[in-house]
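# A closer look at the structure
Below are the chains, spelled out letter by letter.
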Amino acid sequence: MKDGHKTSKKSEAEAGQSSIGIYAVQCGECFKWRVIPTQEEFEDIRSRSVEDPFFCHKKPNASCDDPADIEYDATRMWVVDKPNIPKTPAGFQRGLVLRKDHSKFDANYTTPTGKKVRGPSEVASFIESNPEYKDLSVSDFSFWTPKIMDDTVPQTAKRKGSASKRVKTG
Ligand SMILES: [Zn+2]
């Protein structure tokens, strides 16, 4: 039984935004993939997937008897998350940016003030300079990035990647 979650990404996704196009989780019983409509719901499931594994019946109106929502194949690029990444703190937004050569992702958080933080030390200095978030700690944030499934990376990805816009970050 796999307990990792996969997220799939459309290769034509806009550069810059969170580059994940579709979120899906695998049922622990029938192993079918169920599409999860929002990043927030997906992160909620992911944050407790070890102690509270996902099954089809946890999705409204779904059961293991229904056909899979989505199949794992090379029609789209798949990336795999590990379970139990902490749920993004309220007001923050977690983003993943795919490198142009499709080699890996970089994780970041957009803070409630609109600032982007890209690592634990930037989180620490954000909390330090914004005392209203002092209840948060660096461990509430994870810069772990999903594994890219090589067998689903489009042949043309490298070319496409280099043609995509560079993300300006501030
Ligand atoms: Zn199922």
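To keep things clear, this report deals only with the structure shown in the data block. (Residues numbered from 1 in each chain as written. Predicted model: local features only at pLDDT ≥ 70, side-chain atom pairs only at ≥ 80, totals over all residues. Heavy atoms only, no water.)

## What to know about the coordination of the zinc ion
Around the zinc ion, the protein contributes the donor atoms Cys27 (SG), Cys30 (SG), Cys56 (SG) and Cys64 (SG), which lie 2.2 to 2.3 Å from the metal centre. Coordination at the zinc ion is tetrahedral: its four donor atoms span angles of 103 to 116° at the metal. (Donors = N, O, S within 2.8 Å, 3.2 Å for Na, K, Ca; no water. Tetrahedral: all angles 85-135°; square planar, octahedral: opposite > 155°, others 65-115°.)

## Quick word on the pattern of salt bridges
Considering all chains together, one arrives at ten salt bridges under this definition. Residue Arg34 pairs with Asp69 through a salt bridge whose shortest N-O separation is 3.1 Å. Of this pair, Arg34 sits in strand 3 (residues 33–36) while Asp69 sits in the loop between helix 1 (39–47) and strand 4 (77–81); the two residues are 35 residues apart in sequence, bridging distant segments of the chain. On the basis of relative accessibility, which here comes to 1%, the residue Arg34 falls in the buried class. Linking Lys58 and Asp52 is a salt bridge whose minimum nitrogen-to-oxygen distance equals 2.4 Å. Residue classification places Lys58 among the partly exposed positions, given a relative accessible area of 40%. On the basis of relative accessible area, Asp52 is assigned to the partly exposed category, the value being 26%. Each of Asp44, Arg48, Asp52, Lys58 and Lys87 takes part in salt bridges that share partners, so that together they form one network. (Salt bridge = Lys/Arg side-chain N within 4 Å of Asp/Glu carboxyl O. Helix = DSSP H or I, 4+ residues; strand = E, 2+ residues; numbered from the N terminus. Buried < 20%, exposed > 50% of the residue type's maximum accessible area, 1.4 Å probe, protein only.)

## Quick look at unusual backbone geometry
Of note, the phi angle at Asn84 is positive, near 60°, even though the residue is not glycine. Along the chain, Asn84 turns up in the loop between strand 4 and strand 5 (93–98). Residue Asn84 is classed as partly exposed on the basis of its relative accessible area, which comes to 30%. Backbone geometry at His102 places phi at a positive 65°, although glycine is not the residue there. As for its position among the elements, His102 is in the loop between strand 5 and strand 6 (105–110).

## Here we look at helix 2 (residues 120–129)
Residues of helix 2 that are buried include every one of Val123, Phe126 and Ile127, and no others. End-on view of helix 2: buried residues confined to an arc of 95°, all on one side of the axis. Residues of helix 2 that are exposed and point more than 90 degrees away from the buried face comprise Ser121, Glu128 and Ser129. Those residues of helix 2 hidden inside the fold are in contact with strand 7 (116–117). (Arc of directions from axis to C-beta. Contact = heavy atoms within 4.5 Å.)

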